[in-house]
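The primary structure of each chain is shown beneath.
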Amino acid sequence: MTDIDSHNDGLSHIMKKATLKIPFSDFEEIIMHRISKEIIYKNLLSRDRIISFIFFILGTGFGMIINLILQKTRYGFLSLTPEITLLIFQAGFVLIFLIQLENNLHFIERWKNKLQT
Amino acid sequence: MDDFYIGKICNGDHDAFRYFIKTYKDIAYSIAISVVKDEFIAQEVTQDAFMKAFKNIGSFSKKSTFSTWFYRIVMNEALMRLRKLKKEFIDFTDINDDDISDENAILSLKEDEQTYLINEALRKLSSKESLALRLFYLQEESVKEVCEITGWSEANTKIILHRARKNMFVVLTQLMKTDL
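Calculation rules
Residues numbered from 1 in each chain as written. Chains lettered and ligands numbered in written order. Predicted model: local features only at pLDDT ≥ 70, side-chain atom pairs only at ≥ 80, totals over all residues. Heavy atoms only, no water. Core = buried A, V, L, I, M, F, W, Y, C linked by side-chain atoms within 4.5 Å. Buried < 20%, exposed > 50% of the residue type's maximum accessible area, 1.4 Å probe, protein only. Contact = heavy atoms within 4.5 Å. Helix = DSSP H or I, 4+ residues; strand = E, 2+ residues; numbered from the N terminus. Polar contact = N/O pair within 3.5 Å; in protein donor to acceptor, adjacent residues only side chain to side chain. Nonpolar A, V, L, I, M, F, W, Y, C, P; charged D, E, K, R; others polar. pLDDT = per-residue confidence, 0-100.

(A) Summary view of the nonpolar core. Counting residues in hydrophobic clusters, the biggest one holds 73 residues, and the most contacted among them are Phe17, Phe20, Phe50, Phe66, Phe70, Leu133 and Met168 of chain B. Among all residues touching leucine 133 of chain B, those that are not within four sequence positions of it are Leu11 and Met15 of chain A together with Leu122, Leu125, Leu138, Leu161, Ala164, Arg165 and Met168 of chain B.

(B) Quick look at unusual backbone geometry. Residues and elements named next belong to chain B. In this model, lysine 37 sits at a positive phi of 65°, which is unusual for a non-glycine residue. Mapped onto the fold, lysine 37 is located in the loop between helix 2 (17-36) and helix 3 (39-56). Phi at glutamate 140 is positive, roughly 55°, even though this residue is not glycine.

(C) Quick look at the interface of chain A and chain B. With 33 residues of chain A in contact, the opposing surface of chain B contributes 47 residues. For the pair chain A and chain B, the number of links is seven residue pairs in polar contact (both at pLDDT 80 or more). Contributing elements (two or more residues each) for the side of chain A that touches chain B: helix 1 (10-15) and helix 2 (27-73) of chain A. Ranked by residues supplied to the side of chain A that touches chain B, first place goes to helix 2 of chain A with ten residues. Of the residues that constitute the side of chain A that touches chain B, the class distribution is 16 nonpolar, seven polar and ten charged.

(D) Seen up close, the confidence of the model for chain A. Of all residues in chain A, 89% have pLDDT values of 70 or greater, and the mean over the chain is 82. Looking at the elements of chain A, mean pLDDT is at its lowest for helix 1 of chain A, recorded as 76, and at its highest for helix 2 of chain A, recorded as 88.

Structure follows, in structure tokens:
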């Protein structure tokens, strides 16, 4: 089957006529424009993620302060006892904290991978 | 040259990507249109392929040449789009072997008629056959390089090429008869 590997058969002369040029003259500019938008989007995303991380830290600190206040003041919400109020708050706080922690760990992982490449 | 510009892009000179657009846009378009058979869809596919290449250029491992890596991206983008379009292609079996024109009949036509006829014929072939012919003859990739780009086995590539060559002449004959 050496014939099948040859570029110089009858069809090769015909195929040379099949050279195609992209018929859109602004193609290069379209791609470069998309690239600029992509870079702007990436920078905004990085900035938003950093802000999100800062707010995660602040939110965690704020949640812990409220937790301490609720423990010390033994404040009851609506008709609930202080113990139930504290329990509900702590459960909600832990749930939100874990969800946000997972998101932020993904972000840090991706940032580390990006730095390595 | 490719490595030089990859280095520049990784160092933050995004304008250096123009080199790849200028060098590979025609070839990428050619591969895309082989698969999707439509100019406008091929343009979109080519754009998406360039964007994918730009986003992933930092992770280009240099195990293959840039061109092989990039053509693979173009091909995959085109195939994904083709799956969405769910196009079907016709099998050519109704022409007698004796009636099939040879290359001399085609080369005897005028230059622009040849170009039109050949590109029309490629459009009518299946995506695999059209792609195989463009990569093998136009880009002068070896069978091994075609395998690397397409992911086909060597045996499969040779079968597709063999079928493509035969079908190309069949389609050209049909087109020439229609035009006459």
